[in-house]
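# An overview of the molecular structure
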Amino acid sequence: MIQFADEAKIQVQSGKGGNGCIAFRREKYIPNGGPSGGDGGKGGDVIFCVKKNLRTLSHLRHKTKYKARNGGDGSGANRYGKDGEDVIIPLPPGTIVRDAETDEILFEFTTESEDEQITLLTGGKGGWGNVHFKSSTNQAPRHANEGKEGESRILRVELSIMADVGLVGFPNAGKSSLLDYFTNARPKIAPYPFTTKIPNLGVLRVADDRDIIIADIPGIIEGAAEGAGLGTRFLKHISRTAGLVFIIDASDPNALTAFDTLKAELANYSEELAAKPYVVLCNKLDIEGAPETAAEIAQKYPHEKIIPMSLETHEGLPRVKTAIIDLVDAMTKPAEEAKPTQSTFMQNRAWCSDDDTQYPGSQNQNGSGLEDL
């Protein structure tokens, strides 16, 4: 079993600079040749870089100490020491590096660019050889500098998954099935709660040159913000998403209060997270009684975008895909273009099928928030 690693504590150290050399020229027919001690090489740096195919920090769990090479010592005939080899530590996109002692954020990797890298610790400078200390009054200096020591630091590395959309819902609401349907991800799917133990990522292909990354976050339960269930361990992974997709099991006895409970748990963890734009999906319409419950949810939240659906029968899934794309577009376009239109987000339309036959419990005339299938 592969354990999902989203935190790690590591020790990093840059290399020591090489020592300068004390040497003199000893060549035939050249008396008093003078100093020829070369400089020491520079110590290696500690460098962090983004590697986009990494999704966890498991490689930092297996190796917790990273030390760059020391610079080589100088030698005679003005030969410089070799620079120490850098140590390069790859990190997945969305990684935050903190000082373990002060909790200060040193930097964040927020893109998947392979070119993004940061030198955290610089290697020590190499010491000067005695050739640098020659003067008119000191023709044969017997002094050279030692190389500078490297730096050492203890770091806490945290991963915050970067995705465009985060799926939020109670256990067994259908998040993994939705991810499996729309993306290339193949999460574990089973008819019992807490099937998903780790966040899963999938890519929704919108066009040849555009993808939307969707994150399936392990199920939230009431009290998660206080540590119940899987607690807040995975809530942080939806903090960087552009928007949220709430999935409610319309066949659940507590379906009418599910949305309020989920919003409350997000708000308890982070007000900023709870304020993200979202859509609400009412899943499992194929189960008896679920369509009526979905209609009641729409009446309870007349100004929300409610989309009824069934992953079992694929009912409503084309509209779900459009809603996800619209959600991401609204966050990525300029502010003046990102305002949701009445027809896109806030328009209250009847919940009806393709043949305009109303389901039981739907209220076309009183502003139901359920979307057309």
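Every chain is numbered independently, its residues counted from 1 as its sequence is written. With pLDDT at 70 or above as the cut-off, local features in this predicted model cover only qualifying residues; side-chain atom pairs require 80 or more to be listed or tallied, and sums for whole chains, interfaces and linings still use all residues. Heavy atoms from the whole structure form the basis of all side-chain values; hydrogens and water molecules are not counted.

All right, on to the overall build of the protein then. For the protein, the helix and strand inventory stands at 8 helices and 14 strands. Three labels apply to residues, based on accessible area from a 1.4 Å probe with only protein chains included: buried if under 20% of the type maximum, exposed if over 50%, partly exposed otherwise in between. Put simply, the protein has 373 residues, and 49% of those count as buried. For the protein, the share of sequence-separated contacts (at least 6 apart) that also reach a separation of at least 24 residues comes to 72%. Total accessible area on the protein is roughly 18,700 Å²; 48% of this is exposed by carbon and sulfur atoms. Numbered from the N terminus, helices here are DSSP runs of H or I no shorter than four residues, and strands are runs of E no shorter than two. Two residues form a contact once any of their heavy atoms are found within 4.5 Å. Method for areas: the Shrake-Rupley scheme with a 1.4 Å probe, in which residue coverage is limited to the protein chains shown.

On to the pattern of salt bridges. For this document, the term salt bridge refers to a Lys or Arg side-chain nitrogen within 4 Å of an Asp or Glu carboxyl oxygen. Following the criterion strictly, the structure yields 9 salt bridges and no others. For D211, the salt bridge identified is with R205, shortest N-O distance 2.3 Å. Accessibility expressed as a relative area gives 35% for D211, which makes it partly exposed. Overall, R205 belongs to the partly exposed group, its relative accessible area being 48%. Of the charged contacts, one joins D249 and K284 as a salt bridge, the two residues approaching to 3.2 Å between their closest N and O atoms. Placement of the pair is D249 in strand β12 (residues 243–249) and K284 in the loop between β13 (278–283) and α5 (290–300), with a sequence separation of 35 residues. On the accessibility criterion, D249 (14% relative accessible area) is buried.

Tracing the backbone shows I307 in strand β14 (residues 306–308). Along the primary structure I307 and V280 are separated by 27 residues, whereas in three dimensions their C-alpha atoms are 6.3 Å apart.

Inspection of the secondary structure puts G169 in strand β9 (residues 165–169). As a C-alpha pair, G169 and A258 span 89 residues in sequence and 8.4 Å in three-dimensional space.

Strand order in this open sheet of 3 strands is β4-β2-β7, and the pairing throughout is mixed. One side of each edge strand has no neighbouring strand; the edge strands of this open sheet are β4 (87–91) and β7 (117–121). Each neighbouring strand pair of the sheet contributes to a mean axis angle of 25°, computed without reference to strand direction. If DSSP finds at least two bridges between two strands, the strands pair. Relative to β7, strand β2 (residues 46–50) runs antiparallel, the two sharing 4 bridges. Across the sheet, I47 pairs through a bridge with T119, a residue of β7. For every element, the axis is a line fit to its C-alpha atoms; helices are fit only across the contacting stretch, and the angle between N-to-C directions ranges from 0 to 180 degrees.

With that settled, the discussion passes to the packing of helix α3 (residues 255–269) against α5. Interaxial distance between α3 and α5 falls to 9 Å at its minimum, and their mutual angle equals 45°. Judged by the angle between their axes, α3 and α5 are oblique. Contacts between α3 and α5 involve A255, L256, T257 and D260 from the first element and T293, E296, I297 and K300 from the second. By the convention adopted, Pro, Cys, Tyr, Trp, Phe, Met, Ile, Leu, Val and Ala count as nonpolar, Lys, Arg, Asp and Glu as charged, and the other residues, Gly among them, as polar. Grouping the amino acids of the contact of α3 with α5 by side-chain chemistry returns 3 nonpolar, 2 polar and 3 charged. To sort the angles, those under 35 degrees are grouped as roughly parallel, those over 145 as roughly antiparallel, those from 65 to 115 as roughly perpendicular, and the leftovers as oblique.

Looking now at the confidence of the model for the protein. Residues of the protein with pLDDT of at least 70 account for 74%, and the chain-wide mean is 78. Taken element by element, the predicted model of the protein shows its lowest mean pLDDT in helix α8 (residues 342–346) (34) and its highest in strand β3 (residues 65–67) (96). For residues 187–197, every residue scores under 50 in pLDDT, and the model assigns this stretch 27 contacts once sequence neighbours within four places are set aside. On a range of 0 to 100, pLDDT expresses the predictor's confidence in each residue.

Here the focus is the packing of aromatic side chains. The criterion for an aromatic pair is that two Phe, Tyr or Trp rings (for Trp, the six-membered ring) have centres within 6.5 Å, with stacked assigned to planes under 30 degrees apart, edge-to-face to planes over 60 apart and tilted to the rest. On inspection of all chains with the given rule, the structure shows 8 aromatic pairs. Ring centres of Y181 and F182 lie 5.0 Å apart, and the angle between their planes is 80°; on these two criteria the pair is classed as edge-to-face. Accessibility expressed as a relative area gives 37% for Y181, which makes it partly exposed. A centroid spacing of 5.2 Å and a plane angle of 85° characterise the contact between F246 and F259, whose relative ring orientation is edge-to-face. Residue F246 is found in strand β12, and its partner F259 is found in helix α3; the two are separated by 13 residues along the sequence. The same class applies to F246 as to F259, namely buried. Grouped by ring-pair contacts, the aromatic residues F246, F259, Y278 and Y301 constitute a single cluster.

Moving on to the side chain of K16. Considering the arrangement of structural elements, one finds K16 in the loop between β1 (7–13) and β2. Put simply, K16 is tucked away with no salt bridge, and the nearest opposite charge, on E149, sits 4.8 Å away. Other than its neighbours up to four places away in sequence, K16 contacts G43, N70, G71, G124, G147, K148, E149 and G150. The sign given to each residue is positive for Lys and Arg and negative for Asp and Glu; His and the chain ends receive no count.

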